[in-house]
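# Architecture at a glance
Next come the chains, spelled out residue by residue.
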Amino acid sequence: MLFKNYDELVSNGSNPTLQQKRRDILEMFCAAIDAVRPYRVIKDLFHGPQLVFPSETIDLSSFDHLYLVGFGKASVGMAQAVCNAVTITKGVVITNDPSAKITHDSLEVVIGGHPLPNEDSISGTEKILDLLRQCTKNDCVILLISGGGSSLFCKPRVPLADLQKTITLLLRSGATITELNTIRKHLSLVKGGQLAQQTDAVIFSLIISDVVHDPISSIASGPTSPDPTTFSDVKEILHRYKIWEKISPVIRTIIEEGIASHISETLKEGDPAFDKVFNFIVANNERACHAAVMKAIELGYEGKLITTSLTGEAKVLGRYLINRIDTSLTKEHAAFISGGEPTVTVRGNGLGGRNQEFVLSCVEEIAGRDIIVASFATDGIDGNSDAAGALADGFTFGRGQKKHLIPSRFLKENNSYAFFHAVQDTFYTGSTGTNVMDIQIILQ
């Protein structure tokens, strides 16, 4: 079972009907995660030595050697599927899961840092680069990319501590993942297409997307994709979030030198390094959300997919979706599913994340109503907490009142985790081994 506290989440329903709806919503989340399990997604691509995509088939038997490189939260499951399908000469994978293991004698697993890179991220990246430089033009590199790769695959232009501080400031400011990765790319020697320069081998990148609209240039900071952003964009983003004066002088100097063309830009469209690179999106939020919709229909609901590109402030979006559902022609026994990546502007010192904050913003809105709201981080990690998300129904507000818990106060302190922990409606899954952003489900 995906949810470690499944029985508690169900039993918190105040009557048998509500308990059944809680079971249903948990089943929908399970179906969504099952659809983007890394091992399953990659395994289904291989037919013997062939990689089969809807648009083309690639015969890997024509290469002298197959090497495997991976980084991201889903990299271990993806790598195991590749190793079980074809003969890998050697490989290196960087993950953030300390329990991760791959059954293969010639494949090394490195545990790096996330959401901030650490020294192990850097040493793992050096091992990957050493391997890539050994490859010839007659070899093939199967490159496995997934969310979290920006932190795990790291060779910075600047001191690590300076990079960590800058990332932390951006995470707390409410910057989008695309804006964050624009900065990461320009403070790196391997992101923004620069990995493509590191080997003579042909590269097939298999990518699980954790970014809205699946832009390859942004997923894990686009190591094998042309980068449309510039050093000027970096400076503009840092000024917009009022971070420019807070970052280190070393980073400001790097950015100014980049703008003045004293430092090379990230790789752009048309660079010959991309002639041997082929990128494929193999799973994304849309796939997960569609699986949740199909499960909802199977369970007897009218399943409706609202969007898979939900962005903006989490506590605003929660109320927005409730209001949107109130104006829907569907009035009962419907499941409204959405996906995306909201953001949180941190002003308090509490625990939580965008999923718990999303749900907390709905608690008063749905008080006394026959509605359940839930939001789930598909990687199992919501913000700075050990939870994956949360659930609320029409009785949650009243249950909170009995404990003297006022949702607005917890929202102000960005302390959504404390609220849901107290009412025992927090999701606990641990690492799911995948990452396709967040999924929200509203039942009525």
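Up top you'll find the structure we're talking about.
Here's a quick rundown of the structure. (Residues numbered from 1 in each chain as written. Predicted model: local features only at pLDDT ≥ 70, side-chain atom pairs only at ≥ 80, totals over all residues. Heavy atoms only, no water.)

Residue placement: Gly48 occurs in the loop between β1 (46-47) and β2 (50-52). For Gly48, a relative accessible area of 43% puts it in the partly exposed group. Distance from Gly48 to Ser61, taken between C-alpha atoms, is 9.5 Å for residues 13 residues apart in sequence. (Helix = DSSP H or I, 4+ residues; strand = E, 2+ residues; numbered from the N terminus. Buried < 20%, exposed > 50% of the residue type's maximum accessible area, 1.4 Å probe, protein only.)

Counting buried residues along strand β12 (residues 372-377), six of its six residues qualify, which places the element largely inside the surrounding structure. Going residue by residue along β12, you find Ile372, Ala374 and Phe376 tucked away on one face and Val373, Ser375 and Ala377 tucked away on the opposite face as well. Looking at chain direction, β12 and strand β15 (residues 438-443) are connected through six bridges and run antiparallel. Considered in β15, the bridge of Ser375 is made with Gln440. (Pairing = 2+ DSSP bridges.)

Glycine aside, residues mostly have negative phi angles, and peptide bonds mostly take the trans form. For the bond running from His114 to Pro115, omega is 10°, close enough to zero to count as cis. With respect to the helices, strands and loops of the structure, Pro115 is situated in the loop between β6 (107-111) and α5 (119-134). Residues other than glycine seldom take positive phi values, yet Ser261 does so here, at roughly 65°. Along the chain, the position of Ser261 falls in the loop between α10 (249-259) and β9 (277-283). Owing to a relative accessible area of 61%, Ser261 belongs among the exposed residues under this scheme. One non-glycine residue with positive phi stands out, namely Gln424, at about 60°. Position of Gln424 relative to the elements: it lies in the loop between α16 (416-423) and β14 (426-427). Taking the relative accessible area as the measure of exposure, Gln424 reaches 40% and is therefore partly exposed.

This next bit is on the environment of Cys140. Along the chain, the position of Cys140 falls in strand β7 (residues 140-145). Put simply, Cys140 and Ala35 are 105 residues apart on the chain and 28 Å apart in space, counted from C-alpha to C-alpha. With near-sequence residues (within four places) excluded, Cys140 lies in contact with Leu60, Phe63, His65, Leu66, Tyr67, Ala201, Val202 and Phe204. (Contact = heavy atoms within 4.5 Å.)

This paragraph deals with the sheet that holds strand β11 (residues 334-340). Taking strand neighbours across the sheet as the criterion, the six strands line up as β10-β11-β15-β12-β13-β14 in an open arrangement whose pairing is mixed. One side of each edge strand has no neighbouring strand; the edge strands of this open sheet are β10 (302-310) and β14. The sheet contact formed by β10 and β11 spans six bridges and is parallel. Each bridged residue has a counterpart across the sheet, and for Gly303 the counterpart in β11 is Ala335. Seen against the sheet, helix α2 (residues 16-35) touches β11, β12, β13 (389-393), β14 and β15 and runs at an angle of roughly 25° to β12. On the sheet, helix α12 (residues 314-326) packs against β10, β11, β12 and β15 and is oriented at approximately 145° with respect to β10. (Axes fitted to C-alpha atoms, helices over the stretch in contact; angles between N-to-C directions.)

With that settled, consider the nonpolar core. Counting 66 residues, the largest nonpolar core has Phe3, Leu60, Ile142, Leu206 and Phe427 as the members making the most contacts within it. For this core, the element with the most residues is α2, which contributes eight residues. Setting aside its immediate chain neighbours within four residues, Phe3 contacts Leu9, Leu26, Phe29, Cys30, Phe376, Phe427, Tyr428 and Thr429. Counting 29 residues, the second-largest nonpolar core is a separate cluster that includes Val69, Cys135, Val141 and Leu152. (Core = buried A, V, L, I, M, F, W, Y, C linked by side-chain atoms within 4.5 Å.)

For the rest of this paragraph, the subject is the sheet that holds β1. In spatial order, the strands read β1-β2-β3; together these three strands make up an open sheet with antiparallel pairing. This sheet does not close on itself; its edge strands, each paired only once, are β1 and β3 (57-59).

Remark: helix α9 (residues 231-240) packs on α10, axes separated minimally by 8 Å, with the N-to-C direction vectors making an angle of 140°. Taken together, the axes of α9 and α10 lie oblique to each other. Crossing angle aside, the handedness with which α9 passes α10 is left-handed. When α9 is examined against α10, the residues Phe231, Ser232, Val234, Lys235 and Leu238 are found in contact with a partner set consisting of Ile254, Ile255, Glu256, Gly258 and Ile259. Residues of the contact of α9 with α10, tallied by class, amount to six nonpolar, two polar and two charged. (Parallel < 35°, antiparallel > 145°, perpendicular 65-115°, else oblique. Left-handed = near helix turned anticlockwise from the far one by under 90°. Nonpolar A, V, L, I, M, F, W, Y, C, P; charged D, E, K, R; others polar.)

Take Thr396: it is sitting in helix α14 (residues 396-402). When neighbours within four sequence positions are excluded, Thr396 is seen to be in contact with Val363, Phe419 and Asp425.

In the structure shown here, the tally under the stated rule is twelve aromatic pairs. Between Phe53 and Phe280, the ring centres sit 3.9 Å apart and the planes meet at 5°, which makes this aromatic pair stacked. Here Phe53, found in the loop between β2 and β3, pairs with Phe280, found in strand β9; they are 227 residues apart in sequence, far enough to count as distant. In this pair, the class of Phe53 matches that of Phe280, namely buried. Look at Phe376 and Phe427: their rings are 6.1 Å apart centre to centre, the planes differ by 65°, and that puts the pair in the edge-to-face class. Taken together, the positions of Phe376 in strand β12 and Phe427 in strand β14 put the pair 51 residues apart, joining distant regions of the chain. Among the aromatic residues, those joined into a ring-pair cluster are Phe3, Phe29, Phe376 and Phe427. (Phe/Tyr/Trp six-rings, centres within 6.5 Å; stacked < 30°, edge-to-face > 60°.)

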